[in-house]
Amino acid sequence: MANRDYLRWAQGFGFVGSDAPIVLQLYSETLQKFRLAAQGHGAVKPPEAHRERVATYFDPLPIWYEPFEHAQIASVAHADPEAIRGEPVEPRAVDGESVHPSTGSGRTEPQAVEDAFPLSAITQRPMFMYHAWGSQNAWLRQIATRNWLYLHPDTGTKYGIADEDWIDVTSHHGTITVQAKYASNMQPDTVWSWNAIGKRRGAWKLAKDAPEGTQGFLLNHLISDVTPKRDSANADPVTGQAAWFDLRVRIAKTAHAGESAPQFAPLPYGEADERPLRYGVQFRNRNHRSKAES
Amino acid sequence: VTSLPPPSKKKLGLVIDLDTCVGCHACAVGCKQWNSGGIAGPVTDEQPYGKDPSGVWFNRVHSYELAPTDACAGSAATAAQPAQTLHFPRSCLHCETPACVTVCPTGASYKRAEDGIVLVDEDKCIGCKLCSWACPYGAREYSEVEGVMKKCTLCVDRIYNENLPEAEREPACVQVCPTRARHFGDLGDPESKVSKLVAERGGVALMPELGYAPVNRYLPPRPRRVGQDDDATSTAAAPTTGGIAAWLGRLVKR
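Residues numbered from 1 in each chain as written. Chains lettered and ligands numbered in written order. Predicted model: local features only at pLDDT ≥ 70, side-chain atom pairs only at ≥ 80, totals over all residues. Heavy atoms only, no water.

S.K.: Can you help me understand the pattern of salt bridges in this one?
M.R.: Should the charged atoms of two oppositely charged side chains come close, the side chains can pair. All names here are of chain B. Using the criterion set out here, one finds 20 salt bridges over all chains in the structure. With its nearest N and O atoms 3.3 Å apart, the salt bridge here joins Lys11 to Glu96. Of this pair, Lys11 sits in the segment before β1 (12–17) while Glu96 sits in the loop between β5 (84–91) and α2 (99–102); the two residues are 85 residues apart in sequence, bridging distant segments of the chain. The salt bridge involving Glu114 is made with Arg112; its shortest N-O contact spans 3.3 Å. Taking relative accessible area as the criterion, Arg112 reaches 17% and is therefore assigned buried. When salt bridges with common partners are traced through the structure, they connect Arg112, Glu114 and Asp115 into a single cluster. (Salt bridge = Lys/Arg side-chain N within 4 Å of Asp/Glu carboxyl O. Helix = DSSP H or I, 4+ residues; strand = E, 2+ residues; numbered from the N terminus. Buried < 20%, exposed > 50% of the residue type's maximum accessible area, 1.4 Å probe, protein only.)

Written out as structure tokens, the structure is:
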């Protein structure tokens, strides 16, 4: 058995569940089958429009290529200055049908094309968000009611952004307005936030002025469902996984401070009961009486 | 105006490892959940779905950013430290001479003679808040809704609870911690696991100069050592010297 001693040791340590051999497939026959089909072999072939893409990216060995959004932005910026200003555009889906309009507001002036989108923007989850996955309650709201866009202080200085300034974040797809926060423990060429705290007003019956709706935001508004050249889905060509982490942005101080954008009409669910929560009061000894009740 | 019992031999408390705490707030939320149904409930919340929600938490986690530092030569050589986030869970330290008890005008605030746990008898509490003024650690939590002072009970209704399996007779925050950064035990016994952990890791008391003799201890973050690989890629790279055991050993020790 290959690597037996390591596997037994690792299993003892709890790194792996069993000491069965771990086979890593460096050469993937599955990918090679797709590539051969795209190259014209066999009875079943990918649709003509996708053959080159399949032949290129279904490589049976590990390869690296620049993410599509990074690679395509410069050419798109040259060809379509409207797009880099974040003007409303009608992105086309791969099949040519019109999809949702961009949320771009066109507030930001164009810059030199080469540094039109100098930063990567990603979403992560802070540790405490693991409690909030798919849920919301009065306790978790006290840990965080809104998100920020985190950036390295050097990045802030470079773009004239102070800690907690309101900024416009622009991708090839649109512009959002958010509040920035300095964090030294990150890469200067990357900004990050976490999604899922930002809410449309009225969602979950939160108060209309709840920070989730007024200051929270979603990075999703910057992410197109098609690549900048609109020649394919904005997704990994092999797995189809949406290419959220390929997002490139620029940031600038905004004149529209105080509220995140875009904003939408509040959801008509009404507001939750605002009386204090007293979970567990019914478990108290019958003789115990709240001072508030006496 | 409330007297302290004679010093107890047993000093129950927490040891919190700041090296492994990831700031997930599981301890804070787990505490709130247990204590809502326990002897110290309700653990109230105001404006729960409003603009500025607030509530009673016996345990809170504060996160701080540590600035990067340069390498330091000399006898106590340290490597350059990267910018880091430090998460600091804060709860009652169950002091040996707690000012929150001696200041209490009604005897509601008291320290248990048998194990040193500091508690509030809510039926005697008049909500005057003198104890929260006296506590320098901010451990007291006043419930405006109930009109009484609340605080960490060290889960006194868990640790002696014979309805729970023995392995669960620990404070809720200790049970729930996903990185096992929280430890519970008798800090009055130098042979206890927690005392040995404190000795081994150089555990510290918070602001001991104030003289309240906190029982809880905090284990400081381990600094990056001199000669240790200073970027993640080299640690993740294939082992070159010392074989895979040495390589994994370095990963585990980080």
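Additional details are given in the paragraphs that follow.
S.K.: Would you take a moment to explain the side chain of B:Glu141 for this structure?
M.R.: All names here are of chain B. Looking at where Glu141 falls in the secondary structure, it is placed in strand β8 (residues 141–143). At 3.1 Å, the side chain of Glu141 forms a polar contact with the backbone nitrogen of Trp57. A distance of 2.8 Å separates the side chain of Glu141 from the side chain of Arg60, its partner in a polar contact. Residue contacts for Glu141: discarding those within four places in its chain leaves Gly55, Val56, Trp57, Phe58, Arg60, Val148, Met149 and Lys150. (Polar contact = N/O pair within 3.5 Å; in protein donor to acceptor, adjacent residues only side chain to side chain. Contact = heavy atoms within 4.5 Å.)

S.K.: I tried to follow helix α6 (residues 193–201) of chain B on my own but got confused; where do I start?
M.R.: Turn by turn, an α-helix covers 3.6 residues, leaving residues three or four places apart pointing in a common direction. Residue and element names in this part refer to chain B. Residues Val194, Ser195, Leu197, Val198 and Arg201 constitute the buried set of α6. What you see down the axis of α6 is that its buried residues fit within an arc of 160°, all on one side. Exposed positions of α6 whose direction lies more than 90 degrees from the buried face are Lys193, Ala199 and Glu200. Tucked into the core, α6 has its buried residues touching β1, β10 (182–186) and β11 (217–219). In the segment just after α6, Gly202 is the residue with positive phi, at about 65°. (Arc of directions from axis to C-beta.)

S.K.: Would you mind showing me how to read unusual backbone geometry here?
M.R.: With the exception of glycine, most residues fall at negative phi, and the peptide bonds are largely trans. Here the bond from A:Ala261 into A:Pro262 is cis, since omega is 5°, no more than 30 degrees from zero. If you trace the backbone, A:Pro262 turns up in the segment after β6 (248–253). Cis peptide bonds are those with omega within 30 degrees of zero, and the linkage from B:Gly41 to B:Pro42 qualifies with -10°. Among the secondary structure elements, B:Pro42 is positioned in the loop between α1 (26–36) and β2 (45–46). For A:Glu164, which is not glycine, the phi torsion reads 70° and is therefore positive. With respect to the helices and strands, A:Glu164 occurs in the loop between α7 (153–158) and β3 (166–170).

S.K.: I tried to follow the environment of A:Arg248 on my own but got confused; where do I start?
M.R.: All names here are of chain A. Checked against the element boundaries, Arg248 lands in strand β6. Those residues in contact with Arg248, other than ones at most four positions away along the chain, are Glu69, His70, Ile73, Phe117, Pro118, Leu119, Ser120, Thr170 and Ser171. A polar contact is formed between the side chain of Arg248 and the backbone oxygen of Pro118, at a distance of 3.1 Å.

S.K.: Got a minute to help me understand the side chain of A:Glu212 in this structure?
M.R.: All names here are of chain A. Within the secondary structure, Glu212 is located in helix α8 (residues 211–214). The exposure class assigned to Glu212 is buried, which follows from its relative accessible area of 5%. Glu212 has contacts with Arg141, Thr145, Ile197, Gly198, Lys199 and Leu206, leaving out every residue within four places of it along the chain.

S.K.: Just to check I follow, could you spell out the sheet that holds β11(B) for this structure?
M.R.: Within a beta sheet, neighbouring strands are joined by backbone hydrogen bonds and run either parallel or antiparallel to one another. Residue and element names in this part refer to chain B. One open sheet accounts for three strands, arranged β10-β1-β11; its pairing is mixed. At either end of the open sheet lies a strand with only one pairing partner, and these are β10 and β11. Each adjacent strand pair in this sheet contributes to an overall mean axis angle of 25°, direction not counted. Packing against the sheet, α6 makes contact with β1, β10 and β11, and its axis sits at approximately 120° to β10. (Pairing = 2+ DSSP bridges. Axes fitted to C-alpha atoms, helices over the stretch in contact; angles between N-to-C directions.)

S.K.: Explain the packing of aromatic side chains to me, please; I cannot follow it from the model alone.
M.R.: In this description, a pair of aromatic rings is defined by centroid distance and the angle of the planes. Throughout the structure, instances matching the rule amount to 14 aromatic pairs over all chains. Taking 5.2 Å as the distance between ring centres and 45° as the angle between the ring planes, the aromatic pair formed by B:Phe88 and B:Tyr218 counts as tilted. Residue B:Phe88 is located in strand β5, and its partner B:Tyr218 is located in strand β11; the two are separated by 130 residues in the primary sequence. Members of the aromatic cluster, connected to one another through ring pairs, are A:Tyr6, A:Trp9, A:Phe13 and A:Phe15. Directly above the ring of A:Trp148 sits A:Lys181, whose terminal nitrogen or CZ lies 4.7 Å from the centroid. Between B:Arg158 and the ring centre of B:Trp34, over which it is positioned, the NZ or CZ distance is 4.5 Å. (Phe/Tyr/Trp six-rings, centres within 6.5 Å; stacked < 30°, edge-to-face > 60°. Lys NZ or Arg CZ within 6 Å of the ring centre and 35° of its normal.)

S.K.: Which parts of the structure should I look at to understand the interface of chain A and chain B?
M.R.: By a widespread convention, an interface's size corresponds to the accessible area lost as its parts come together. With 39 residues of chain A at the interface, the matching set in chain B holds 42 residues. Surface buried jointly by chain A and chain B totals about 3300 Å² across both partners, of which 59% is contributed by carbon and sulfur atoms. In this structure, the connection of chain A to chain B is made through one salt bridge. B:Glu146 is paired through a salt bridge with A:Arg278; the nearest N and O atoms lie 2.5 Å apart. The tally of links between chain A and chain B comes to eleven residue pairs in polar contact (both at pLDDT 80 or more). Elements with a minimum of two residues in the side of chain A that touches chain B: α1 (4–13) and α6 (140–143) of chain A. No other element matches the four residues that α6(A) contributes to the side of chain A that touches chain B. Of the residues that constitute the side of chain A that touches chain B, the class distribution is 22 nonpolar, nine polar and eight charged. (Buried area = accessible area lost by both parts, 1.4 Å probe. Nonpolar A, V, L, I, M, F, W, Y, C, P; charged D, E, K, R; others polar.)

S.K.: In this structure, what is going on with the packing of helix α2 (residues 29–38) of chain A against helix α3 (residues 48–57) of chain A? I would like to understand it.
M.R.: All names here are of chain A. Relative orientation of the contacting elements α2 and α3 amounts to 140°, with a least axis distance of 8 Å. The angle between the axes of α2 and α3 places the two elements in the oblique class. The two elements α2 and α3 meet at a crossing, and its hand is left-handed. Contacts from Phe34, Arg35 and Ala38 of α2 reach α3 at Arg51, Val54 and Ala55. Looking at the contact of α2 with α3 residue by residue, the classes come out as four nonpolar, no polar and two charged. (Parallel < 35°, antiparallel > 145°, perpendicular 65-115°, else oblique. Left-handed = near helix turned anticlockwise from the far one by under 90°.)

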